[in-house]
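Summary of structural features
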Amino acid sequence: KKKLKIIEQAWTEHRAIREVMMFLQGHGISTLFAVRIYKEYGDKAIAMVTEDPYRLANDIYGIGFFSADKVALSIGLAENSQPRMMAAIKHVLAASREQGHCYLTEPQINTGIIELIAINLGERLKEYLGLMQQAGQLCTRLLYKDTVETIGYYSKTLFYDETAVAAILRGMKEPVASEPERIAQWVTAYCQHKHITLSDEQANAVNGVVQHRFSILTGGPGCGRTTTTLVIVRLLEAMNKTVLLAAPTGRASQRMSEVIGREAKTIHRLLVWKGGEFQMNE
């Protein structure tokens, strides 16, 4: 009787798995993802996917908007349905980080929707954005450009990342104790000795960076960032500061090492990425 009960439970479980697998594969989901979906939702998988196919993009790693959209349309969801429009907006906001954006404005979102699913939401977009904000599916921030107020729409994770970074940087506002005249004299003498010519902008950048706790040095190709960075590093070393050099990619860190003559690491190596997590804390 004990063995019979085990067999009965296994048979019931496998029948449920089979039904879920057949349903998902019938709507274009591969066996691999069908198994993951069943593990996530269990016997409620069919009901949950039917109710909201776009939850797959949020809950199952590896399934994005396009796969979820394929399922949604396959089970009969209308092309202009509210769930589809909201899922498309969420995807456009999340994907915008690949172009370097933290937020998008309303016109940018509409353009993204048109490119994604060839639907112009027009005035309806504001309504959907309002509903998503109320439901906590996105975040907003008021922006001012030339005294004109606009709304920036954020994917939630990017909003909280930006807010956290801003909070950290606010704690770095106090300038570093330094001697500006002495710093300027050292830079002039060093550049003369090494036959380096800095523009006024580069010289200001060097002087500014070493007198602040946090700086961003930016500019297009060929503007002289590498030379400026070299002088900054030499100046910091002359001030008896500890300097760490890091870059996002191996190629960039190698180039930095060649130019500056000091070891530069990738950010992952600097923070000791191991076993799926960083070994270094803040």
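Residues numbered from 1 in each chain as written. Predicted model: local features only at pLDDT ≥ 70, side-chain atom pairs only at ≥ 80, totals over all residues. Heavy atoms only, no water.

1. A short note on the overall build of the chain
To keep it simple, the criterion reads: Only DSSP runs of H or I with at least four residues qualify as helices, and only runs of E with at least two residues qualify as strands; both kinds are numbered from the N terminus onward. To get the radius of gyration, use the C-alpha atoms; to get the globule rule, take the number of residues to the power 0.38 and multiply by 2.2 Å. Burial classification: accessible surface area is computed with a 1.4 Å probe over protein chains only, and a residue below 20% of its type maximum counts as buried, one above 50% as exposed, and the rest as partly exposed. Note on contacts: a residue pair is in contact if any heavy atoms of the two residues lie within 4.5 Å. Exposure was quantified through the Shrake-Rupley algorithm and a 1.4 Å probe, taking into account, for residues, occlusion by the shown protein chains and nothing else. Only four residue types enter the charge count, namely Lys and Arg as positive and Asp and Glu as negative; His and the chain termini do not. Note on charges: their place is set at NZ of Lys, CZ of Arg, CG of Asp or CD of Glu.
Along the backbone of the chain there are 14 helices and seven strands. A globule of 282 residues ought to have a C-alpha radius of gyration of about 19 Å, yet the chain, at 27 Å, is considerably larger. Along the first, second and third principal axes, the C-alpha atoms of the chain reach 90 × 55 × 30 Å. Counting across all 282 residues of the chain, residues that qualify as buried make up 29%. The contacts of the chain with a sequence gap of at least 6 include a subset with a gap of at least 24, amounting to 46%. Just so you have it, the chain exposes about 18800 Å², and 53% of that area is on carbon and sulfur atoms. Taken together, the 33 basic and 29 acidic charged side chains of the chain have centroids lying 8 Å from each other.

2. Description of a nonpolar patch on the surface
Rules: Put simply, a patch holds well-exposed residues, over 30% relative accessible area, that have no salt bridge, with like charges counted together within 9 Å and Val, Leu, Ile, Met, Phe, Trp or Tyr side chains within 5 Å. By definition here, a salt bridge exists when the distance from a side-chain nitrogen of Lys or Arg to a carboxyl oxygen of Asp or Glu is within 4 Å.
Among the surface-exposed residues, Ile 168, Met 172, Phe 214 and Ile 216 lie close enough to one another that they form a single nonpolar patch of about 390 Å² accessible area. Within the fold, Ile 216 resides in the loop between helix 11 (200-209) and helix 12 (225-238). For Ile 216, a relative accessible area of 68% translates into the label exposed.

3. A word on the nonpolar core
So the rule is basically this: Only buried Ala, Val, Leu, Ile, Met, Phe, Trp, Tyr and Cys residues count toward a nonpolar core, and they belong to the same one when joined by side-chain atoms within 4.5 Å.
In terms of nonpolar packing, the biggest core is built from 40 residues, with Ile 37, Leu 56, Ile 89 and Ile 109 touching the most fellow members. Breaking this core down by element, the ones donating at least two residues are helix 1 (2-26), helix 2 (31-41), helix 3 (45-51), helix 5 (65-74), helix 6 (82-95), helix 7 (106-117) and helix 8 (124-134). Counting residues per element, this core draws most heavily on helix 6, at seven residues. Sequence-distant contacts of Ile 37, that is, excluding residues within four places in its chain, are made with Leu 24, Ile 29, Gly 42, Ala 45, Val 49, Leu 56, Ile 60 and Ile 63. Counting 18 residues, the second-largest nonpolar core is a separate cluster that includes Val 231, Leu 235, Val 243 and Leu 245.

4. Points about the side chain of Gln 211
How we decide: In the analysis that follows, any N or O atom pair within 3.5 Å is treated as a polar contact, provided that within protein one partner can donate a hydrogen and the other can accept it, and provided that, for residues neighboring in sequence, both atoms belong to side chains.
As for its position among the elements, Gln 211 is in the loop between helix 11 and helix 12. Within the local environment of Gln 211, its side chain forms a polar contact with the backbone oxygen of Asn 207, the two atoms lying 2.9 Å apart. Among all residues touching Gln 211, those that are not within four sequence positions of it are Pro 175, Val 176, Ser 178, Pro 180 and Ile 183.

5. Concerning the packing of aromatic side chains
Rule in force here: Working definition: a ring pair exists when centres of Phe, Tyr or Trp rings (six-membered ring for Trp) sit within 6.5 Å. Plane angles under 30 degrees give stacked, over 60 give edge-to-face, the rest tilted.
For the structure on display, the rule yields seven aromatic pairs. Note on Trp 273 and Phe 278: the rings are 4.7 Å apart at their centroids and 65° apart in plane angle, and the pair reads as edge-to-face. Trp 273 gets classed as partly exposed once you look at its relative accessible area, which sits at 44%. Its relative accessible area of 36% is what places Phe 278 among the partly exposed residues. Aromatic rings pair up to connect Tyr 103, Tyr 154, Phe 159 and Tyr 160 into one cluster.

6. Things to note about the pairing of strand 2 (residues 139-145)
Selection criterion: Note on pairing: DSSP must find at least two bridges between two strands before they are called paired.
Sheet topology places strand 2 next to strand 3 (residues 148-154); seven bridges connect them, and they run antiparallel. Considered in strand 3, the bridge of Tyr 144 is made with Glu 149. Turn length for the strand 2-strand 3 hairpin, with the two strands adjacent in sequence and antiparallel, is two residues, and the turn residue Asp 146 shows positive phi of about 55°.

7. A word on the pattern of salt bridges
Under the defined criterion, the tally for this structure stands at eight salt bridges. Of the charged contacts in the structure, one is a salt bridge between Arg 182 and Glu 179, with a shortest N-O distance of 3.4 Å. Residue Glu 179 is classed as partly exposed on the basis of its relative accessible area of 47%. A salt bridge links Glu 237 to Arg 262; its shortest N-O distance comes to 2.8 Å. Taken together, the residues Glu 237 in helix 12 and Arg 262 in the loop between helix 13 (250-260) and strand 5 (265-266) connect sequence positions 25 residues apart. Its relative accessible area of 28% is what places Arg 262 among the partly exposed residues. Taken together, the shared-partner salt bridges connect Arg 234, Glu 237 and Arg 262 into one network.

8. Brief notes about unusual backbone geometry
Positioned with a positive phi, Asp 146 is a non-glycine residue whose angle comes to about 55°. Along the polypeptide, Asp 146 turns up in the loop between strand 2 and strand 3. Within the chain, Thr 147 stands out as a residue other than glycine whose phi angle is a positive 65°. Within the fold, Thr 147 resides in the loop between strand 2 and strand 3.

Remember that the coordinates give geometry; whether it matters functionally is a separate question.
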